[in-house]
2 protein chains.
Amino acid sequence: MIAENLLPDFQLKWKRIQDSMRQCGADGCLLSVGVNLFYMTGVMYNGYFYIGAEGEPCFFVKRPNGLQEGRLSYIHKPEQIPDYFAQHNIPMPKKLMLEADELTYSDYMRLLKVFQPEETANATMALRLIRMVKTPWEIKQTMLCAARHEEVYSKIPQLYRPGMTDLDLQIEIERVMRQHGSLGLFRAFGPNMDIFMGSLLAGDNAGCPSPFDFALGGAGLNAICPLGANGTLLEEGMAVMVDMAGNYTPYMTDMTRVFSIGRLTDAAYRAHDVSMHIHREISKTARPGVACSELYDISYRIAEEAGLKDNFMGTTQQAKFVGHGVGLQINELPVLTPRSKQVLEENMVFALEPKFVIPGVGAVGIENSYLVTADGVKKITCSPEEIIDLNNNH
Amino acid sequence: MIAENLLPDFQLKWKRIQDSMRQCGADGCLLSVGVNLFYMTGVMYNGYFYIGAEGEPCFFVKRPNGLQEGRLSYIHKPEQIPDYFAQHNIPMPKKLMLEADELTYSDYMRLLKVFQPEETANATMALRLIRMVKTPWEIKQTMLCAARHEEVYSKIPQLYRPGMTDLDLQIEIERVMRQHGSLGLFRAFGPNMDIFMGSLLAGDNAGCPSPFDFALGGAGLNAICPLGANGTLLEEGMAVMVDMAGNYTPYMTDMTRVFSIGRLTDAAYRAHDVSMHIHREISKTARPGVACSELYDISYRIAEEAGLKDNFMGTTQQAKFVGHGVGLQINELPVLTPRSKQVLEENMVFALEPKFVIPGVGAVGIENSYLVTADGVKKITCSPEEIIDLNNNH
């Protein structure tokens, strides 16, 4: 089931979860959420991944047919797992890690009944912490993704035609994304994160509050999808913020760039410069050991000193973070928020997105993804950062 | 918050959940899953909907800012709800309905702690049963969706160019979908239903098993999205099955049509005719009171009599259903499966999709959505049903 050349990468991940299990005294970890299965095996399947505190994992598969591996067993239901354990002399876990923040209540209770552990621990939190720090293969996938992301963004000026709405432009970008290998699906963690391929916000729609926990909102097209483009006609003096998904490989990148229809107000360019300044300051500060809360504080302070705190991360509704981890999901840990307890570690990938909503103009500011290196950070989304005037470039 | 003209429609839904509560002795129902909130209010928000066995509901909103309504209260966390109840003389529920099959274990446990009910009941199952039978507004939205769905499918022959892959064609269809108002997001119930805007299956990729619980599979583009188009070059003699999302309004439609590159084998046309024959037989049989299991049995029997049982709903992996309810999610109840206990009721909307995988050719068969009427069913996806040769029509 697992590609031979990637085995060392997956073994590293198995070791990490086993370390995490030992730390909390767990002797078994059972996973069944798609992204977690993929993380541990490189395969999306319907079934379970089980690992004890020592030794190799077992794979229990319901679907698809035809997967092969030594420790792979086809099952119809989780109730068959204890029989497999008994036959293979695998002890039943006393303290079992389960995906408490992802499994439904019903599925969780069913697994409790199957395994009857004396204690449980939260595999969701353990996995989110492990997934923060990327493996060599994950970093390679992230870099491949960034290159496609940049290539697509370079084509945006050619896609613009006067008279377009925000949605017209977004549709053309979506098509070019797909032509460049975008997988379409855009995965986010948590129940309040409905999004389709990213967000394009033009003019005052950028300030429209949404129910979801993204950096900015937008009214969307329909009450059932209240986020992003809302049919705004792209007009002279409007900022067009493009934050479309970097989902070209399993490991995503996050990048935002701003385009204008003609010239924006001076205040808008100033705010955009403040965003770029925040990026420069964070690039100088960020390194292993630096607190994520400090990165938020630096960003907020720069925004405040520039007189832009009321525009920072929204106006009528302001997001309380300025960045977040990126990986199999777009909103991984760590979160760059004042309350974060995390510190940067080598091989984390995070996106920094100091954005400003300027009433009457739209949203400005850039977002880049960074890889944390041994002694700093490396920018991995390298498209030009200045506001590009679509009137002069299409 | 709720549009005045739609209030009777939502009041009907509130009455239905109250009827369901009385049936199981529940005196409170708390909802927080997006589609359920939308179902009950017409608004997607981050928060809670609460209704007792009698009286009007309360709306507790975390985001977005700016919603207004008499019984709407902004909260930061669910722990504030009991205070609101105390202030407004709303009794705490003794038997509380919670979304057991949708809420995460952690969220469910948190709500249990907040409300400390003596007993619980499963709001997910209650809502799925209520949502089966559509209200007048929902039916209108479904009809609007079907019209757009048909319009987009009518343009497919013009989108084909010789030399395209399955993915090339799908990308052009996706664009036309979006230009016709597709909301993009394609919502499904349950954890193993990852899909992006639908499925286009060409040639033998149609028989490739997937981990997800859709009618057919497909290898997909990447191990993280193992479903649908896989880059197959569209070649002479290949069937191209298009099952792209009907997500033009909140209430979806489901429709599959088959295109060919030149002429297919006689066996493929025969199997396609068998699918159309199943549709005709089901159209004659289906009416309120008919068991969903019977609709499956009829379909299977016709397939078997035609010598096609090994091709029915897949080859290496066969789906054990031939249709399903459609609404806010693509896989609603009832499911047309041998084990279903449900019977058809007036105003249900279901999709029927008898499909056959023909090795060396691809998948054939059609899918239509039907509205159950007082004395039968009405087909609501009315695009031409014969296999269209793209070589002659592009």
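Residues numbered from 1 in each chain as written. Chains lettered and ligands numbered in written order. Predicted model: local features only at pLDDT ≥ 70, side-chain atom pairs only at ≥ 80, totals over all residues. Heavy atoms only, no water.

J.: Would you mind showing me how to read the side chain of T135 of chain A here?
T.: All names here are of chain A. In this structure, T135 sits in the loop between α5 (123-132) and α6 (136-154). Look at T135 and you get buried, because its relative accessible area is 1%. In this structure the side chain of T135 is engaged in a polar contact, spanning 2.5 Å, whose partner is the side chain of D9. (Helix = DSSP H or I, 4+ residues; strand = E, 2+ residues; numbered from the N terminus. Buried < 20%, exposed > 50% of the residue type's maximum accessible area, 1.4 Å probe, protein only. Polar contact = N/O pair within 3.5 Å; in protein donor to acceptor, adjacent residues only side chain to side chain.)

J.: Looking at this structure, how should I read the interface of chain A and chain B?
T.: Where the parts come together, the accessible area they lose is often given as the size of the interface. Chain A puts 53 residues into the contact, and the matching count from chain B is 54 residues. Sorting the residues of chain A by area buried against chain B places Y105, R178 and I224 of chain A first, and these three jointly supply 16% of that buried surface. Put simply, chain A and chain B have eight salt bridges between them. The salt bridge involving R63 of chain A is made with D213 of chain B; its shortest N-O contact spans 3.2 Å. On the surface where chain A and chain B come into contact, there are 26 residue pairs in polar contact (both at pLDDT 80 or more). (Contact = heavy atoms within 4.5 Å. Buried area = accessible area lost by both parts, 1.4 Å probe. Salt bridge = Lys/Arg side-chain N within 4 Å of Asp/Glu carboxyl O.)

J.: How do you make sense of the packing of helix α1 (residues 7-24) of chain B against helix α5 (residues 123-132) of chain B when you look at a structure like this?
T.: Geometrically, a packed helix pair is captured by the angle between its two axes and the distance between the axes. All names here are of chain B. Relative to each other, α1 and α5 sit at 130 degrees, their axes nearing to 10 Å. Comparing the axis directions of α1 and α5 gives the class oblique. α5 is crossed by α1, and the crossing has right-handed handedness. The residues of α5 that touch α1, namely those facing R16, I17 and S20, are A126, L127 and I130. Tallied by class, the residues present in the contact of α1 with α5 amount to four nonpolar, one polar and one charged. (Axes fitted to C-alpha atoms, helices over the stretch in contact; angles between N-to-C directions. Parallel < 35°, antiparallel > 145°, perpendicular 65-115°, else oblique. Left-handed = near helix turned anticlockwise from the far one by under 90°. Nonpolar A, V, L, I, M, F, W, Y, C, P; charged D, E, K, R; others polar.)

J.: Even after reading the chapter, I still don't get the nonpolar core, so can you show me in this structure?
T.: Nonpolar side chains tend to gather and get buried jointly when the protein is soluble and globular. Ranked by internal contacts, the top residues of the largest apolar core, which has 195 residues, are I17, L169 and I173 of chain A together with I17, L169 and I173 of chain B. Contacts of I173 of chain A, omitting those with residues within four sequence positions, involve V152, I156, L159, L200, V242 and M244 of chain A. (Core = buried A, V, L, I, M, F, W, Y, C linked by side-chain atoms within 4.5 Å.)

J.: Just to check I follow, could you spell out the relation of the copies chain A and chain B for this structure?
T.: Relative to chain B, chain A is turned by 180 degrees and slid 0.0 Å along the rotation axis, the superposed coordinates differing by an RMSD of 0.0 Å. The symmetry that links the two subunits is that of a two-fold axis. When you check the interface residues of chain A against chain B, 100% turn up at the interface there too, and the contact is symmetric in its surfaces. (Least-squares fit on C-alpha atoms with pLDDT ≥ 70 in both.)

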